[in-house]
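Chain and residue survey
What follows is each chain in one-letter form.
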Number of protein chains: 2
Amino acid sequence: MNEGVEWAMHSCVNLSWLPGEAVTAKRLAAFYNLPTAYLNKQLQALTRAGILTSVSGPKGGFQLARDPQKITLLDIVVAIDGPDDAFRCTQILKEGPGADPKVDYTKVCVVSQAMRSAELTYRRTLAGQTIADIAERVVSTSPDAPASTRNRFANLKS
Amino acid sequence: MNEGVEWAMHSCVNLSWLPGEAVTAKRLAAFYNLPTAYLNKQLQALTRAGILTSVSGPKGGFQLARDPQKITLLDIVVAIDGPDDAFRCTQILKEGPGADPKVDYTKVCVVSQAMRSAELTYRRTLAGQTIADIAERVVSTSPDAPASTRNRFANLKS
DNA sequence: ATAACCTGGATACTAAATGTCCTGAATCCC
DNA sequence: GGGATTCAGGACATTTAGTATCCAGGTTAT
Ligand code: SF4
Ligand code: SF4
């Protein structure tokens, strides 16, 4: 899995502490000391996926496109890592016994179904958790996180 | 995910149709027209993991090390793809606010916990399905699969 | 003894992830 | 309008992981 997923998760949580404020890629990157240009690519992907909105120009930057309660972890994973399943079906049955090129063995093959069922539970679990849930749980263990995050962003020079 | 996982799944199912018979890597590869030497590496990994047993020399080959009911899909995935989670934790919090090198943020971080919970359901689902389950489901849709598989293996020249 | 087969390391090849750079367009401020 | 700031995105370069081949060494059946 793309490590940009982790960056995106944390950035979205941070952005949820800064509602209505446009934060530049440079500042988001500086927060965790990440490569700016590369993080910018992930932010672009989130924007294309409709998770963030972006504004060009001075005072521009990124912010959450909708309520954190409506952004699931699955949304982010799909936006950054793509919609493909981890288990790749290379259709080896086509080289096997009943070789019928017209059949899509992805649907028929029992192995494929079994792996797919596992990935389904995975996605369901991710879809059941939102950025708001994450943020809330962070607050419950360290209640000053939102304030200190805002403070840190305010003090970021670059 | 490693595509060897797919090869391993199908090979294990095939081997479950051939109990007590040692099948050479060359024949297992020929069944799906796979690269012999590379498939052999996956079979070695399965052997190291205790899923297969191997015998050297003429009349040698691989066979299941235990009852197909006791081989879960998770066993195979771990043997081929390794035990690591898909979500990689690069510990970016160490570059962040509270930077404490002594803390293992993998345990503390809420994002990490959320992703981990999803992977847990994934693994649980995989662990709940065995090679025997797969084989049984194949039989229920095409009852002649075991016989035709044995027949095809018997007719493989190389 | 020979041939077949597994083991594992070395190596090559290929694809994907990671990271950088640069041009162009949008926006703000003077 | 002009300059500065920032996003958008394409074009690379670099690094890492996956895929594939080969060979030398050990095991076993005949
Ligand atoms: S569908 Fe089944 S047989 Fe075909 S490639 Fe996927 S796993 Fe293998
Ligand atoms: S533990 Fe949390 S913060 Fe640390 S790297 Fe993993 S996801 Fe990021």
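Just above, that's the structure.
Right, let's walk through the structure included here. (Residues numbered from 1 in each chain as written. Chains lettered and ligands numbered in written order. Predicted model: local features only at pLDDT ≥ 70, side-chain atom pairs only at ≥ 80, totals over all residues. Heavy atoms only, no water.)

1. Structural notes on the protein's contact with DNA strand C
What counts, and what does not: Throughout, the term near means that a residue has one or more heavy atoms lying within 4 Å of the molecule or strand in question. Two N or O atoms count as a polar contact when they lie within 3.5 Å, although within protein this holds only if one can serve as hydrogen donor and the other as acceptor, and sequence-adjacent residues are included solely when both atoms are side-chain atoms. Only DSSP runs of H or I covering at least 4 residues are called helices, and only runs of E covering at least 2 are called strands; the numbering of each starts at the N terminus. Each residue is assigned to one of three groups, with Ala, Val, Leu, Ile, Met, Phe, Trp, Tyr, Cys and Pro labelled nonpolar, Asp, Glu, Lys and Arg labelled charged, and all others, Gly among them, labelled polar.
If you check the shell around DNA strand C, you find 26 residues, and the closest are A:Asn2, A:Pro58, B:Lys41, B:Ser54 and B:Arg88. Per the 4 Å cut-off to the protein, sugar and phosphate atoms form 60% of the nearby atoms of DNA strand C. Within the side chain of B:Ser54, a nitrogen or oxygen atom sits 2.5 Å from a phosphate oxygen of DNA strand C. Here a sugar or linking oxygen of DNA strand C and a side-chain polar atom of B:Ser56 are 3.4 Å apart. Elements supplying a minimum of two residues to the surface near DNA strand C: α3 (36-48) of chain A together with α2 (25-32), α3 (36-48), β1 (52-55) and β2 (61-64) of chain B. Of the residues forming the surface near DNA strand C, the biggest block, five residues, is contributed by α3(B). In terms of residue class, the surface near DNA strand C is built from nine nonpolar, eleven polar and six charged.

2. Structural notes on the relation of the copies chain A and chain B
Basically, it comes down to this: Each copy is superposed on the other by least squares, with the fit set by C-alpha atoms of residues at a pLDDT of at least 70 in both. Whether two residues are in contact is decided by their heavy atoms: any pair within 4.5 Å suffices.
Aligned on chain B, chain A shows an RMSD of 0.0 Å; the corresponding rotation is 180 degrees and the shift along the axis is 0.0 Å. A rotation of that kind, with that shift, is consistent with a two-fold axis. If distances are taken from each C-alpha of chain A to the rotation axis, the shortest is found for A:Tyr122, at 2.5 Å. Most of the interface of chain A is mirrored in chain B, where 100% of its interface residues again form contacts.

3. Comments concerning the protein's contact with DNA strand D
Of all residues adjacent to DNA strand D, which total 25 residues, the nearest are A:Lys41, A:Ser54, A:Arg88, B:Asn2 and B:Pro58. Each atom of DNA strand D within 4 Å of the protein belongs either to a base or to sugar and phosphate, the latter forming 61%. Here a phosphate oxygen of DNA strand D sits 3.4 Å away from a polar atom, N or O, in the side chain of B:Glu3. Of all the elements in the fold, those that place two or more residues in the surface near DNA strand D are α2 (25-32), α3, β1 (52-55) and β2 (61-64) of chain A together with α3 of chain B. The leading source of residues in the surface near DNA strand D is α3(A), at four residues. Its residues assigned to classes, the surface near DNA strand D shows nine nonpolar, ten polar and six charged.

4. Brief notes about the packing of helix α1 (residues 4-16) of chain A against helix α4 (residues 73-81) of chain A
Residues and elements named next belong to chain A. This is how it is decided: Angles run from 0 to 180 degrees between N-to-C directions of axes, and those axes are lines fitted to C-alpha atoms, restricted for helices to the stretch in contact. Throughout this description, any angle smaller than 35 degrees is read as roughly parallel, any larger than 145 degrees as roughly antiparallel, any in the 65 to 115 degree range as roughly perpendicular, and the remainder as oblique. Each crossing gets its hand from how the near helix is turned against the far one by less than a right angle, where anticlockwise is left-handed and clockwise is right-handed.
Relative to each other, α1 and α4 sit at 135 degrees, their axes nearing to 9 Å. Between α1 and α4, the crossing angle belongs to the class labelled oblique. Crossing of α1 against α4: the hand is right-handed. Where α1 approaches α4, its residues Gly 4, Val 5, Ala 8, Met 9 and Cys 12 are matched on the opposing element by Leu 73, Ile 76, Val 77, Ile 80 and Asp 81. Residues belonging to the contact of α1 with α4 are distributed by class as follows: eight nonpolar, one polar and one charged.

5. Quick look at the packing of aromatic side chains
How two aromatic rings sit relative to each other is set out by the distance from centre to centre and by the angle between their planes. All names here are of chain A. To keep things clear, this is the line we draw: Pairing of aromatic rings covers Phe, Tyr and Trp, the last counted by its six-membered ring, and requires centre-to-centre distances within 6.5 Å; plane angles under 30 degrees mean stacked, over 60 mean edge-to-face, and any other angle means tilted. The buried label goes to any residue with under 20% of its type's maximum accessible area, the exposed label to any with over 50%, and the partly exposed label to all in between, with areas taken from a 1.4 Å probe on protein chains only. We call a charge positioned above a ring when the Lys NZ or Arg CZ atom is no farther than 6 Å from the ring centre and deviates by at most 35 degrees from the ring normal.
With the rule as written, the count across this model stands at seven aromatic pairs over all chains. Seen from their ring centres, Phe 31 and Tyr 32 are 4.8 Å apart, and the 85 degrees between their planes marks the pair as edge-to-face. The buried category is assigned to Phe 31, whose relative accessible area is 1%. One Lys or Arg, Arg 152, reaches over the ring of Phe 31 and ends 4.6 Å from the middle of that ring.

6. Quick notes on the interface of chain A and chain B
Inclusion rule: Values labelled buried area give the accessible surface lost by two parts on being combined, using a 1.4 Å probe and summing over both. The working definition used for a salt bridge is a side-chain nitrogen of Lys or Arg within 4 Å of a carboxyl oxygen of Asp or Glu.
Taken residue by residue, the interface counts 42 residues in chain A and 42 residues in chain B. Summing both sides of the interface, chain A and chain B together bury roughly 3,700 Å²; the carbon and sulfur share of this comes to 70%. Where chain A meets chain B, there are zero salt bridges. Viewed at the interface, chain B and chain A are joined by eleven residue pairs in polar contact (both at pLDDT 80 or more). Only α1, α2, α4, α6 (110-127) and α7 (131-141) of chain A provide two or more residues apiece to the side of chain A that touches chain B. Of the residues belonging to the side of chain A that touches chain B, the class tally is 25 nonpolar, ten polar and seven charged.

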